[in-house]
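# Remarks on the overall topology
One letter stands for each residue in the lines below.
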Amino acid sequence: MDKLSRRVQPVDENRETINSVETSFEIISELMDQGESSLPDLVEVIDLSKSSIYKHLYTLQKHDFVTKAESGYKLGLHFLDISGEVRGNIPETQYIKQK
């Protein structure tokens, strides 16, 4: 089982999903696993055209989910906002103390 499969929630397999959203999540998962990836590396792993992956990266970068790095792309800071919001919605986290 690959890392992406472990993060996928069980759903009704008979329902359709939006392919472009699936592709964006694939890119995000790959960047999370690798820390940083170049466009050619992402093309090799995701098996889509360079222009398609670039459009996804550009869109994700526009919304700060991805940032341009020295030798490729990496996750952006918007994920920190999301994680803070998620953490705030979990009642048990009120007992976690900051170091």
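The text that follows walks through the structure, step by step, so that each part is easy to find. These numbers were taken from a predicted model, which means no experiment stands behind them.

Glancing now at the environment of Gln-61. Mapping Gln-61 onto the fold places it in helix H4 (residues 50-62). For Gln-61 and Leu-75, which are 14 residues apart along the polypeptide, the C-alpha to C-alpha distance reads 8.8 Å. Setting aside residues up to four positions removed in sequence, Gln-61 forms contacts with Val-66, Lys-68 and Tyr-73.

For the rest of this paragraph, the subject is the side chain of Ser-38. Locating Ser-38 in the fold gives a position in the loop between helix H2 (19-34) and helix H3 (39-46). One polar contact links Ser-38 to Asp-41, side chain to side chain, over a distance of 3.1 Å. Not counting residues within four places of it along the chain, the set of residues in contact with Ser-38 comprises Ser-71 and Gly-72.

Further remarks concern the pairing of strand E1 (residues 66-69). Bridge analysis of E1 against strand E2 (residues 72-75) gives four bridges, and the strand direction is antiparallel. For Lys-68, the partnering residue across the bridge sits in E2 and is Tyr-73. In this structure, the hairpin formed by E1 and E2 is closed by a connection of two residues.

Turning our attention to H3. Here H3 has its buried residues at Leu-39, Leu-42 and Ile-46. Down the axis of H3, the buried set is contained in an arc of 60°. They therefore lie on one face. Exposed side chains of H3 directed beyond 90 degrees from the buried face belong to Pro-40 and Glu-44. Considering only its buried residues, H3 is in contact with H2 and H4.

In this section: the packing of aromatic side chains. Within a pair of aromatic rings, the relevant descriptors are the distance that separates the centres and the angle that separates the planes. All told, the structure shown has two aromatic pairs when counted by the stated rule. Stacked on the ring of Tyr-73, the Lys or Arg Lys-68 has its end atom at 4.7 Å from the ring centre.

Here we take up H2. Taking 1.5 Å per residue, 16 residues should reach 22 Å; H2 reaches 22 Å between its end C-alpha atoms and fits that length. Within H2, the full set of buried residues consists of Thr-23, Ser-24, Ile-27, Ile-28, Ser-29, Glu-30 and Leu-31. Remark: Gly-35 follows H2 within two positions and exhibits a positive phi of approximately 85°.

About the cut-offs
Starting afresh in each chain, residues are numbered from 1 along the sequence in its written order. Local features in this predicted model are restricted to residues whose pLDDT is 70 or higher, and side-chain atom pairs enter the listing and the counts only when it is 80 or higher, whereas totals over whole chains, interfaces and linings include all residues. Processing note: side-chain calculations cover all non-hydrogen atoms of the structure and skip hydrogens and water entirely. In this description a helix means any DSSP run of H or I spanning at least four residues, a strand means any run of E spanning at least two, and both kinds are numbered starting from the N terminus. Contacts between residues were defined by any pair of non-hydrogen atoms, one from each residue, lying within 4.5 Å. Pairs of N or O atoms within 3.5 Å make up the polar contacts considered here, provided that, within protein, one atom can donate a hydrogen while the other can accept it, and that residues adjacent in sequence are counted only when both atoms are side-chain atoms. Here the rule is simple: two strands pair whenever DSSP picks up at least two bridges between them. Only protein chains enter the area calculation, which uses a 1.4 Å probe; residues under 20% of their type maximum are buried, those over 50% are exposed, and those in between are partly exposed. Relevant arc is that of directions from the helix axis to the C-beta atoms, nothing else. Here a Phe, Tyr or Trp ring, Trp counted by its six-membered ring, pairs with any other such ring whose centre lies within 6.5 Å, and the pair is stacked when the planes are under 30 degrees apart, edge-to-face when over 60, and tilted otherwise. Whether a charge sits over a ring depends on NZ of Lys or CZ of Arg being within 6 Å of the ring centre and within 35 degrees of the ring normal. In this scheme, a helix's expected span is set at 1.5 Å multiplied by one less than its residue total.

Limitation: the analysis is restricted to geometry and does not speak to function.
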